[in-house]
Amino acid sequence: MKKRLFVFSLAVTSILTASAQCVMNLQTKKIGSAVSPTMYGLFFEDINFAADGGLYAEMVKNRSFEFPNAFTGWDVSGKVTLKEDGPFERNPHYVRLAPSGHRDKHTMIENHGFFGMGVKSGEEYRFSIWARVPEGGTAKLWIDLVDNATMRDDQKLGNASVEVSGKEWKKYTTIIKPNRTFAKAHLRVWGDGKVTTDVEHVSLFPVNTYKGRENGLRQDLAKALEDIHPGVFRFPGGCIVEGTDLPTRYQWKNTTGPVENRPLNENRWHYTFTNRYFPDYFQSYGLGFFEFFQLCEDIKAEPLPVLSVGLACQFQNSDEHAHAAMNELQPYIDDCLDLIEFANGPATSKWGKVRADMGHPEPFNMKYLAIGNEQWDTPYFTRLKPFVEAVRARYPEIMIVGTSGPDSEGKMFEKGWEAMRELKADLVDEHFYRNESFFLGTAEGKQRYGNCGALRYDSYNRKGSKVFAGEYACHGAGKKWNHYETSLYEAAFMTGIERNADVVKMATYAPLFAHVEGWQWRPDLIWFDNLRMFNSVSYYVQQMFAMNKGTNVLKLTTGEKQVPVAGQENMNGLFASSVFDSTTNEIIIKVVNTSETLQGITINLLGMNGERVAETLTLHHTGSMDDENTLEQPTKIQPVSSSLKCVTEGRKQETVLKDQLPPKSFRLYKVKK
Ligand code: AHR
């Protein structure tokens, strides 16, 4: 009996809750602030093997033998010696393969790739190598793609050979077609045992890269970026910009010109977290600034480069001497000015010519430049000043992005904003890796973080510098990463970004990529292994916003006081925002139900009459809130499209959108105006 009563009372509760209505009014005729075309973009950093071993399609690790341990990533056998007077000034090392003296003793080198090499049956892979025969004459090099992990009868997945001739260094290429798909292949190079051969810059790329470029990007990963339709693309970081110390900061000039001569740089993520140690993680700079600008052009995102302000990572360097002194800043300032010339200068200018020689005579038309990553306090403010002056003097059209430091609140954050306003930075880069309470703006969140949740930007000063939410993600308490629930709360928060388009001009989720075997930081937007990838639920949230950002904000409120729907106590966990898209003449409404109950919503489309059909796109998951997409189930959770008939009400037949929003869901409505 007791049991029955319990069941009955549960049923009554859910009916009551289901019929609870939130009535919203949408001013469809009052077109509000413009949404910046740069909204909802990408933040790229070579963390989690995002570049080498990830987006950059090179499959050979330590291809130039320049790692501090020259044979990292290689197995060598026979007479292999390291030499250092090679043809590439900034990568002088190469390897000499000498005959062993016995027909059956082979001199071989074998590369492990990045957690192996992912090769697909029947696809073409372009092998290239720089080589010479130091004594003159000719020599044969055999190249095998091998599976030496599964102990099949024949280790060879595919092979090819090149004929090396003469004492001069030359580049040799050949194509290998594997006979089966394998994620952990190795690349073996060996001589015919008769003649000594020198080899350098050993490389293997899929022929099928994004846009078919030889020094290209992984097709599936680059396509995933394109599919987001990002407004802006921030590059190359992150802490990587600053370096653990100044010599290891990211130096864009080293990333230009032929890849063979781009010097190696340390990657701080190989040691930053001692519990996630990757001693073979370096930056080849194969994916450098040219490739970055080219990708931005391909995916139609505004490039946003970030350069060093002369401060090494402040977290890691409290000693003032670790940083460039005020009178040592000129080379750093020149880096900024030269980058603008590299991107925008005529092909006749010094750096414009470097760009043109790399294959892009037309300017890239870069508009933004960020100076400094997560920098704070006087050391930053004083250094930034001469950069701003120099850039403004030569390139007044460039928009400068400063930073408010690593925190999203607190004294240093406030001080940062004040200083950026004084320096008249066009945008201020804010970072917030915070838990659910921040993203939902709960009482706990407010107590802990102050101004948070979807109402955060409602109170921002509208004058002067604007906001760039440059790194953010919901890091769920209790170690949640790309789980459904945290992604949903990101959507809730983003309705606040959307509503405040007059002050928030850019927002980029972070970080972007992670190799499942090589991550240092999570959550991340896109995960991959050597053959596969999947989009996290956060990816779909970003995509839903980016592809439906509209051109202008519309006022969407509830109640007599016309308050925004932003999850406040009386909103029952509902968040909503709306935009108009003047290019498609559509009204777009986004509603997030973060509560555990079905919620009825009524949206009066004020100023519109007659029956209409709303196209809908819904992100909803009925399983555990801790579920996530995985390599095995890449599309377990993704948005589903449908449609809904809007009704009419009243004498004027006003259009009204009525819906029942499932618990823990995000739904987007599009109605033609
Ligand atoms: O996104 C990972 C790191 O988080 C970035 O490198 C840094 O800017 C922030 O602290």
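See the structure above.
Residues numbered from 1 in each chain as written. Predicted model: local features only at pLDDT ≥ 70, side-chain atom pairs only at ≥ 80, totals over all residues. Heavy atoms only, no water.

### Remarks on the site of the ligand
Part 1 of the reasoning: Every residue close to the ligand is listed here: F43, E45, G238, C239, W269, N373, E374, H431, Y433, E471, P511 and W521.
Part 2 of the reasoning: Y433 has a polar side-chain atom sitting 2.7 Å from an oxygen atom of the ligand.
Part 3 of the reasoning: Across the complex, the protein chains shield 95% of the 280 Å² of accessible surface that the ligand would expose by itself.
Part 4 of the reasoning: When the residues that make up the shell around the ligand are grouped by side-chain class, the tally is 6 nonpolar, 3 polar and 3 charged. (Near = heavy atom within 4 Å. Polar contact = N/O pair within 3.5 Å; in protein donor to acceptor, adjacent residues only side chain to side chain. Areas by Shrake-Rupley, 256 points an atom, 1.4 Å probe, with all protein chains shown as cover. Nonpolar A, V, L, I, M, F, W, Y, C, P; charged D, E, K, R; others polar.)

### Concerning the sheet that holds strand β8 (residues 125–132)
The strands making up a sheet are joined through hydrogen bonds of the backbone, oriented either antiparallel or parallel.
Part 1 of the reasoning: In spatial order, the strands read β4-β5-β13-β8-β11; together these 5 strands make up an open sheet with antiparallel pairing. Because the sheet does not close on itself, it has two edges, and the strands there are β4 (79–83) and β11 (170–176). Taking the axes of each pair of neighbouring strands and ignoring which way they run, one obtains an average angle of 35° across the sheet.
Part 2 of the reasoning: Pairing geometry for β8 and β11, over 7 bridges, is antiparallel. Across the sheet, residue I129 finds its bridge partner in β11, namely Y172. (Pairing = 2+ DSSP bridges. Helix = DSSP H or I, 4+ residues; strand = E, 2+ residues; numbered from the N terminus. Axes fitted to C-alpha atoms, helices over the stretch in contact; angles between N-to-C directions.)

### As for the environment of L631
Part 1 of the reasoning: Positionally, L631 belongs in the loop between β31 (612–620) and β32 (640–649).
Part 2 of the reasoning: Overall, L631 belongs to the buried group, its relative accessible area being 10%.
Part 3 of the reasoning: A C-alpha to C-alpha distance of 8.9 Å links L631 and V516, two positions 115 residues apart in sequence. (Buried < 20%, exposed > 50% of the residue type's maximum accessible area, 1.4 Å probe, protein only.)

### Considering the sheet that holds strand β18 (residues 368–371)
Part 1 of the reasoning: The strand order β2-β14-β17-β18-β19-β20-β21-β22 describes a closed barrel built from 8 strands, whose pairing is parallel. Averaged over all adjacent pairs, the angle separating strand axes in this sheet is 25°, with direction ignored.
Part 2 of the reasoning: As defined by bridge partners, strand β17 (residues 302–307) adjoins β18 across 2 bridges and the pair is classed as parallel. Paired with L307 across the bridge in β18 is I371.
Part 3 of the reasoning: Taken strand by strand, helix α3 (residues 289–299) contacts β2 (41–43), β14 (232–235) and β17, and its axis lies near 155° from that of β17.
Part 4 of the reasoning: The strands that helix α6 (residues 377–394) touches are β18 and β19 (399–403); relative to β19, the one it contacts most, it runs at about 175°. (Contact = heavy atoms within 4.5 Å.)

### Some thoughts on the packing of helix α2 (residues 219–228) against helix α11 (residues 537–546)
Part 1 of the reasoning: Packing of α2 against α11 brings their axes to within 8 Å, and their N-to-C directions diverge by 40°. Here α2 lies oblique to α11, going by the angle between them. Between α2 and α11, the contacting residues are A224, D227 and I228 on the first element and Y539, Q543 and A546 on the second.
Part 2 of the reasoning: Tallied by class, residues from the contact of α2 with α11 come to 4 nonpolar, 1 polar and 1 charged. (Parallel < 35°, antiparallel > 145°, perpendicular 65-115°, else oblique.)

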